[in-house]
Amino acid sequence: MKEKIEHIVDWVKDYAEQYNKTSLVVGVSGGIDSSVVSTLCAKTGLKTIPIVMTIKNKDMLALEHAWWLEEKFSNVSRRIINLEKIFHEFENASRYLGADSEHAFANSRSRLRMMMLYQVATSNNGLVVGTGNKVEDFGIGFYTKYGDGGVDISPIADCMKTDVWKMAEYLHILQDIQDAAPSDGLWDDGRTDEDQIGMSYFDLEKAMTQDDMGAIVTVPEEARKLETYRKMKHQNEHKMKPIPVCSMEKFR
């Protein structure tokens, strides 16, 4: 695990130096992914700005992690911002237009946070650092397009969720964060990732491995989970591919 962590830290630092960027900006949600990524960023020695952005819900774990980071690393400068008023105006305008989908509002919260991250990053010659792991981002596409998917680099996007948990333990991330149920924090009812997906991350990883291997699954419950995984992957594939461009080659 030490070698994996050092590899990621060096990769982030090398990328930033390659493009003359001097800071790393990370949205901190109180979840294990953002906690691990923000800690890895801090370990680069570059100026690291973890940002806690509240919209309706105040996540104390996010605040505690930001404080922990700033105490542990001299290159960390935390930011805490309440986006409630801005989102409230957006919400009112949306309802006036009849665009009142709760799912859309959840995604809009994520996109508003992305805007703030880029505002801070551009003002600090920085990079917005993604926090998605391999199962979420490149397995089932469980992220918001142009929200938490709108980033400059993705340090843990080739790491399984179980890898992230191991990194968290090695990095001594706050135990309450390690023990918390994964959640994107975008819903008023506080639903967890498992509530939304219908599967645990352990089951998702297993299904992802089976799918990659082209395995034939005969156990009914496992077959059901594999089918659920495949349906979600197919439904969200558009997020994981480049924007389609209508080719005009035949006219040239």
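Computed from a predicted model, the values in this text were never measured in an experiment.

Regarding the overall build of the chain
Point 1. In terms of regular secondary structure, the chain is built from 11 helices and 4 strands.
Point 2. In terms of overall dimensions, the chain has C-alpha extents of about 55 × 50 × 50 Å along its principal axes.
Point 3. Evaluated residue by residue, the chain yields a buried proportion of 44% over its 252 residues.
Point 4. For the chain, contacts bridging at least 24 residues in sequence account for 75% of all contacts bridging at least 6.
Point 5. As presented, the chain carries roughly 13800 Å² of accessible surface, and 53% of it is formed by carbon and sulfur atoms.

Topic: helix 11 (residues 220–240)
Point 1. An ideal rise of 1.5 Å per residue puts 30 Å on 21 residues; helix 11 measures up with 29 Å between its terminal C-alpha atoms.
Point 2. Remark: the principal bend of helix 11, roughly 40 degrees, maps to His234.
Point 3. Among all positions in helix 11, only Lys225, Leu226, Tyr229, Met232 and Asn236 are buried.

Side note on helix 7 (residues 161–170)
Point 1. Here helix 7 has its buried residues at Lys161, Thr162, Asp163, Val164, Met167 and Ala168.
Point 2. Looking at the packing, one finds that the buried side of helix 7 touches helix 1 (2–18), helix 2 (32–42), helix 6 (134–140), helix 8 (175–179) and helix 10 (201–213).

Looking at the packing of aromatic side chains
Two descriptors summarise a pair of aromatic rings, namely the distance from one centre to the other and the angle between the planes of the rings.
Point 1. Summed over the entire model, instances satisfying the criterion amount to 5 aromatic pairs.
Point 2. Here Phe87 and Phe105 contribute two aromatic rings whose centre-to-centre distance is 6.1 Å and whose plane-to-plane angle is 75 degrees, an arrangement assigned as edge-to-face. A residue pair is termed long-range when its members are at least 10 positions apart, and Phe87 in helix 4 (residues 84–96) and Phe105 in helix 5 (residues 102–123) qualify at 18 residues.
Point 3. What links up through ring pairs into an aromatic cluster is the set Trp11, Tyr15 and Tyr19.
Point 4. The aromatic ring of Tyr201 is capped on one face by Lys161, whose charged end is 4.5 Å from the ring centroid.
Point 5. A cation sits over an aromatic face here: Lys239 above Tyr143, 5.2 Å from the ring centre.

Cut-offs and rules
Residues numbered from 1 in each chain as written. Predicted model: local features only at pLDDT ≥ 70, side-chain atom pairs only at ≥ 80, totals over all residues. Heavy atoms only, no water. Helix = DSSP H or I, 4+ residues; strand = E, 2+ residues; numbered from the N terminus. Buried < 20%, exposed > 50% of the residue type's maximum accessible area, 1.4 Å probe, protein only. Contact = heavy atoms within 4.5 Å. Areas by Shrake-Rupley, 256 points an atom, 1.4 Å probe, with all protein chains shown as cover. Expected span 1.5 Å × (residues − 1). Bend = angle between axes of the 7 residues up to and from the residue. Phe/Tyr/Trp six-rings, centres within 6.5 Å; stacked < 30°, edge-to-face > 60°. Lys NZ or Arg CZ within 6 Å of the ring centre and 35° of its normal.

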